[in-house]
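Structure at a glance
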Amino acid sequence: MNKFTHVNATSVDDAVATLAQGKAAAIAGGTDLITVLKGMVSPTAPEKLVNLKTISGLDYIKEESGMLKIGALTTLTAIAKSSIVNSKYTVLAQAAKAVGSPELRNTGTIGGNICQKSRCIYFRNEHNAFNCLRKNPQGMCYAIAGTNTKHSIFGAAAGCVDVCPSDTAPALVALGASIVTSKRTIAAADFFEVKAADEGINVLDTDEIVTEIQVPEPASGTKSAYVKFAFRKSIDFPLVSCAAVISGSDASIVLGGVYNLPRRATAAEDSIKGKTIDDASATAAGDAATNGSAALGMNKYKIQITKAMTKRAILACK
Ligand SMILES: Cc1cc2nc3c(=O)[nH]c(=O)nc-3n(C[C@H](O)[C@H](O)[C@H](O)COP(=O)(O)OP(=O)(O)OC[C@H]3O[C@@H](n4cnc5c(N)ncnc54)[C@H](O)[C@@H]3O)c2cc1C
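This report concerns the structure included in the present document. (Residues numbered from 1 in each chain as written. Predicted model: local features only at pLDDT ≥ 70, side-chain atom pairs only at ≥ 80, totals over all residues. Heavy atoms only, no water.)

Take the nonpolar core next. Counting residues in each nonpolar core, the largest one holds 67 residues, and the members touching the most others are Leu92, Leu172, Phe191 and Ile213. Per element, the largest residue contribution to this core is six residues, and it comes from strand S10 (residues 240-247). Apart from the residues within four sequence positions on either side, Leu92 is in contact with Leu68, Ile70, Ile79, Val85, Ile110, Thr168, Ala171, Leu172 and Leu175. (Core = buried A, V, L, I, M, F, W, Y, C linked by side-chain atoms within 4.5 Å. Buried < 20%, exposed > 50% of the residue type's maximum accessible area, 1.4 Å probe, protein only. Helix = DSSP H or I, 4+ residues; strand = E, 2+ residues; numbered from the N terminus. Contact = heavy atoms within 4.5 Å.)

Shown next, in the form of structure tokens:
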């Protein structure tokens, strides 16, 4: 690992000021960032890590003004165990509980979860072994013609066929959440973005940090669920996941692990809206979820899994 200094931020402004000096990265739980640094995955390494955990007042779960508010430093365990989140925002509690392992959830934060980097085997290859286009404008996407078992089944964004690895991201998009940062409030649906020569999967500037997640209170009677398929039952990223939020004639269905960004399954939403949820309607919506899919050489199997995960998430909202 390259050498770095560790700076304890005293406030959001202090963290942002240090990040603005350049060659610096924010660190929260460190469960993702440290693996990136140890693997020397990136062509450049930060000279300074700005420790966000020393900022007080960013670790909370509360309801205020008809909205759930979660501080960016709140651990995934706290979210998974919260009675408020479990009762009204079930999909988010289930998504937080689906992350990795108890140790990762005890340390990993919600802010870090939505800001984590790509898990693509070419991107993550140690010592920056592949000239990946997410790291270099002259690079290429090696997964398109290479090993793409876990990659996108909905084509490429900015030439890259990676998938969004975050479990909580689809849940937040399905709930219509907003991400509050040190400089603005962004709809979760607009927060995730992929660009060439940009290692992140979000729209944050280099001197911007997430401070809070806001989720509008779902209408009374809303049911929601998160289901995840991975090769292993724990300590594994989603190959396919589905977040469903269904209330009366409204449905929000968002897929994870199948595209660079959380992917709204609008055809599945249209298919289930206003219908009684049963095996037939859930199967039809599951089938619709893969409309427009285009599997790569090694990941056609994900299409059937996407249909099944969507069906299961909908049935769980019965
Ligand atoms: C073995 C293993 C299995 C895993 N399994 C899963 C899984 O199943 N599902 C899943 O979703 N994740 C998984 N993860 C990834 C990771 O553990 C989680 O995403 C965790 O929530 C990251 O949070 P953190 O606080 O540790 O982030 P950190 O490692 O501290 O940071 C991650 C990234 O986010 C940035 N960052 C952190 N906080 C902020 C903030 N407030 N504002 C702006 N940027 C910020 C950092 O600069 C860094 O780039 C796994 C990781 C490992 C090592």
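After that view, the rundown keeps rolling.
All chains considered together, the criterion is met by 18 salt bridges. Notably, a salt bridge pairs Asp32 with Arg119, separated by 3.3 Å at the nearest N-O pair. Of the two residues, Asp32 is situated in the loop between strand S2 (24-27) and helix H2 (33-38) and Arg119 in the loop between helix H7 (110-115) and helix H8 (168-174); the sequence distance between them amounts to 87 residues. A relative accessible area of 32% places Arg119 in the partly exposed class. Residues Lys273 and Asp270 are paired through a salt bridge, measuring 3.7 Å at the closest nitrogen-oxygen approach. For Lys273, a relative accessible area of 34% puts it in the partly exposed group. Looking at Asp270, the relative accessible area reads 52%, which means it is exposed. Connected via shared salt-bridge partners are Asp32, Arg119 and Arg124. (Salt bridge = Lys/Arg side-chain N within 4 Å of Asp/Glu carboxyl O.)

A few words on helix H12 (residues 301-315). Between the first and last C-alpha of H12 there are 22 Å, a value that for 15 residues agrees with the 21 Å anticipated at 1.5 Å per step. Of the surrounding secondary structure, the elements contacted by the buried residues of H12 are strand S9 (223-229), S10, strand S11 (250-256), helix H10 (266-272) and helix H11 (279-288). (Expected span 1.5 Å × (residues − 1).)

With respect to the helices and strands, Ala243 occurs in strand S10. By relative accessible area, Ala243 is classed as buried at 0%. Along the backbone, Ala243 and Val227 are 16 residues apart, and their C-alpha atoms lie at a distance of 6.7 Å. Setting aside residues up to four positions removed in sequence, Ala243 forms contacts with Val91, Pro170, Ala171, Ala174, Ala225, Tyr226, Ser252, Ile253 and Val254.

Our next topic: the sheet that holds strand S7 (residues 185-187). With respect to topology, five strands assemble into an open sheet ordered S4-S5-S8-S6-S7, the strand pairing being antiparallel. Edge positions in the open sheet fall to strand S4 (61-64) and S7, since each of these has one partner strand only. Taking each pair of neighbouring strands and ignoring which way they run, the sheet shows an average axis angle of 25 degrees. Across four bridges, strand S6 (residues 178-181) lies against strand S8 (residues 210-216) in antiparallel orientation. Counterpart to Ile179 in the pairing with S8 is Ile213. (Pairing = 2+ DSSP bridges. Axes fitted to C-alpha atoms, helices over the stretch in contact; angles between N-to-C directions.)

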